[in-house]
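# Close look at the chain arrangement
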Amino acid sequence: MTSSNSSSRLKPDTRLAHSGRDPQSFHGFVNPPVVHASTVLYPDSQTLVTGGQTYSYARRGNPTTDSLEDAIKEMEGAAGAKIANSGLNAIALAILSCVKAGDHILIVDTAYGPTRHFADTVLPNFGVSVEYFDPHLGSDIKSLFRPETTAVFTESPGSLTFEMQDIPAISAAAHEIGATVLMDNTWATSLYCQPLALGVDLSIQAGTKYIVGHSDAMLGVVAANEKAWKGLNAVHGAMGSHVAPDDIFLGLRGLRTLSVRLERHQKNTLTVLDWLKDQSSVGSISYPALPTDPGYEIWKRDCSGSSGLCAFHFPDGTSQDQTHAFLDALQLFGLGYSWGGFESLAIPVRLKGMRSATPVSETAQSVRLHIGLEDPEDLIRDLDQALKKAFG
Ligand SMILES: *Cc1c(COP(=O)(O)O)cnc(C)c1O
């Protein structure tokens, strides 16, 4: 594999093209082979009992898992990386690697819904107490620390509502008490945000989104700094998490084009939002890369780009029926969860039961959009006709 010493001097796009592959170790083929495996054979019993070879059993790692883990490690500037069978599985493994019975974990109120579900339904069974915090807390998060606080889980920008968090301030505060900082970096990816450089210990991405990038596989990745790596590696191994080789192949294939795809998602999103902001039936927009967004200054400081996920809000008094009429009239935007593929998507934003530390309106009418790689003029025409149908 490309040595991390030489690759750390390479620019991110070059790392995307070269990391996690070593053609000369596989007969010169550009891409690593997709290893379908469980059993690994040993040449003799001495090698078997001493574990004297690189691979022991496919669940514990094989050349295919190594390729993606090496690539993620290099992209994130990490001490090590692990892959999981979904983004949610990556989040669960990362959290379990840094909490134990009696501990207290702080989780941002705007975390991805299923992250909350995991924290609320699984962690209490193992004696971990869970508390949610306002995404606008920076170093003031200190006021929530308890002697038993060992982890702070962040996600910036937040799911559905896109609040940016002051990750460097939160990390510095958490490290004063020795707590581990986790961040869900799915929105920006390691290309546009480098969580470990901002002070985060465990950086997580739902690889299902932009890394795979084509809506055809589920994948999760976690990158750890030196301090968090040992714990992550141990829990990952103990839990038996394993990703099928064909899905890893799709992740590796996706990584190679991540930069060109994200650049276009960003450009298309800015073009669509520039049109959307002037429509009379649209109230406001949530997208941290817009100078009008409350999170803009933090985004500018901490991120080098923005992706295709955003939300817009209908004016007060809009009914759910009107929102549904708008969504049902869309022709190019599919109605469906997930995002990060090449295609545009829309869902109604539903915050019921999703926030507990911050006040939210559960009746406000908002739509989350994923702006895909279609021509933005066609997307604008689609949004225009759907707004007209719903609002006259
Ligand atoms: C989709 C998503 C996840 C979970 O990823 P899956 O692969 O669907 O399990 C985690 N975090 C965020 C922010 C997401 O959008």
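Residues numbered from 1 in each chain as written. Predicted model: local features only at pLDDT ≥ 70, side-chain atom pairs only at ≥ 80, totals over all residues. Heavy atoms only, no water.

## Thoughts on the site of the ligand
With respect to spatial proximity, 15 residues lie near the ligand, and among them G87, L88, D184, T208 and K209 are the closest. Take G87: an N or O atom from its main chain is 2.8 Å from an oxygen atom of the ligand. A distance of 3.0 Å separates an oxygen atom of the ligand from a polar atom in the side chain of W339. Out of a free accessible area of 380 Å², the ligand has 91% covered by protein chains. Per element, the largest residue contribution to the shell around the ligand is 3 residues, and it comes from helix α5 (residues 87–96). Here the residues of the shell around the ligand sort into 7 nonpolar, 5 polar and 3 charged. (Near = heavy atom within 4 Å. Polar contact = N/O pair within 3.5 Å; in protein donor to acceptor, adjacent residues only side chain to side chain. Areas by Shrake-Rupley, 256 points an atom, 1.4 Å probe, with all protein chains shown as cover. Helix = DSSP H or I, 4+ residues; strand = E, 2+ residues; numbered from the N terminus. Nonpolar A, V, L, I, M, F, W, Y, C, P; charged D, E, K, R; others polar.)

## Here we look at the packing of aromatic side chains
Evaluated as defined, the whole model comprises 7 aromatic pairs. Seen in terms of ring centroids, W187 and Y287 are 6.1 Å apart; in terms of plane orientation they differ by 70°. Their pairing is edge-to-face. Placement of the pair is W187 in the loop between β5 (180–184) and α8 (189–192) and Y287 in the loop between β8 (284–286) and α12 (296–302), with a sequence separation of 100 residues. There is no split in this pair, since W187 and Y287 are both buried. An aromatic cluster of three or more residues is present, and its members are F312, F314, F326 and F391. The ring centre of Y132 lies 3.8 Å from the NZ or CZ of R116, which sits over that ring. (Phe/Tyr/Trp six-rings, centres within 6.5 Å; stacked < 30°, edge-to-face > 60°. Buried < 20%, exposed > 50% of the residue type's maximum accessible area, 1.4 Å probe, protein only. Lys NZ or Arg CZ within 6 Å of the ring centre and 35° of its normal.)

## Quick look at the nonpolar core
With 105 residues, the main nonpolar core has L276, F326 and L369 as its most contacted residues. Both domains that meet at this core, namely domain 1 (4–256) and domain 2 (258–391), each give it at least three residues. Beyond its immediate sequence surroundings of up to four residues, F326 is in contact with F312, F314, V367, L383, A386, L387 and A390. (Core = buried A, V, L, I, M, F, W, Y, C linked by side-chain atoms within 4.5 Å. Domains from an automatic or database assignment. Contact = heavy atoms within 4.5 Å.)

## Re the environment of S190
Looking at the secondary structure, you find S190 in helix α8. Residue S190 is classed as buried on the basis of its relative accessible area of 6%. C-alpha of S190 to C-alpha of D246: the two residues are 56 residues apart in sequence and 22 Å apart in space. If we ignore the near neighbours within four places in the chain, the residues touching S190 are M75, E76, N185 and Q205. A distance of 3.3 Å separates a polar atom in the side chain of S190 from a polar atom in the side chain of Q205.

## Considering the packing of α5 against helix α6 (residues 113–121)
Helix-helix packing is described using two parameters, namely the angle between the two axes and the distance between the axes. Taken N-terminus to C-terminus, the directions of α5 and α6 make an angle of 40°; their axes are 10 Å apart at the nearest point. By the angle between their directions, the pair α5 and α6 is classed as oblique. Both α5 and α6 take part in a crossing whose hand is right-handed. Facing α5, whose interface residues are L88, I91, A92, I95 and L96, α6 presents P114, T115 and F118. (Axes fitted to C-alpha atoms, helices over the stretch in contact; angles between N-to-C directions. Parallel < 35°, antiparallel > 145°, perpendicular 65-115°, else oblique. Left-handed = near helix turned anticlockwise from the far one by under 90°.)

## Describing the sheet that holds strand β7 (residues 220–224)
Spatially, the 7 strands line up as an open sheet ordered β1-β7-β6-β5-β4-β2-β3, and their pairing is mixed. With partners counted over all chains shown, the strands left at the sheet margins are β1 (80–84) and β3 (129–133), one partner each. Between one strand axis and the next, the sheet turns through 20° on average, direction left out of account. Pairing geometry for β1 and β7, over 5 bridges, is antiparallel. Within β7, the position partnered with A84 by the bridge is G220. Each of β1, β6 (202–206) and β7 is contacted by helix α4 (residues 63–76), which is oriented at about 125° to β1, the strand it contacts most. Strands in contact with α5 are β1, β2 (104–108), β4 (149–155), β5, β6 and β7; relative to β6, the strand with the most contacts, it is inclined by about 165°. (Pairing = 2+ DSSP bridges.)

## Some points on the pairing of β3
Sheet analysis places β2 next to β3, joined by 5 bridges and oriented parallel. Considered in β3, the bridge of I107 is made with Y132. Read as a crossover between parallel neighbours, the route from β2 over α6 to β3 is right-handed. (Right-handed = clockwise from strand over helix to strand, strands pointing away.)

## Regarding helix α7 (residues 167–176)
All buried positions along α7 are accounted for by I167, A169, I170, S171, A173 and A174. Contacts made by the buried residues of α7 are with β3, β4, β5 and α12. Phi for G178, located one or two positions after α7, is positive at around 75°.

## Some words on the state of the cysteines
The full count for this structure, using the stated rule, is 0 disulfides. The thiol sulfur of C98 is not disulfide-bonded, and the nearest other cysteine sulfur, from C193, lies at 18 Å. Note on C98: relative accessible area 13%, which makes it buried. There is no disulfide at C193, and the cysteine sulfur nearest it, in C303, is 4.5 Å away. (Disulfide = S-S within 2.5 Å.)

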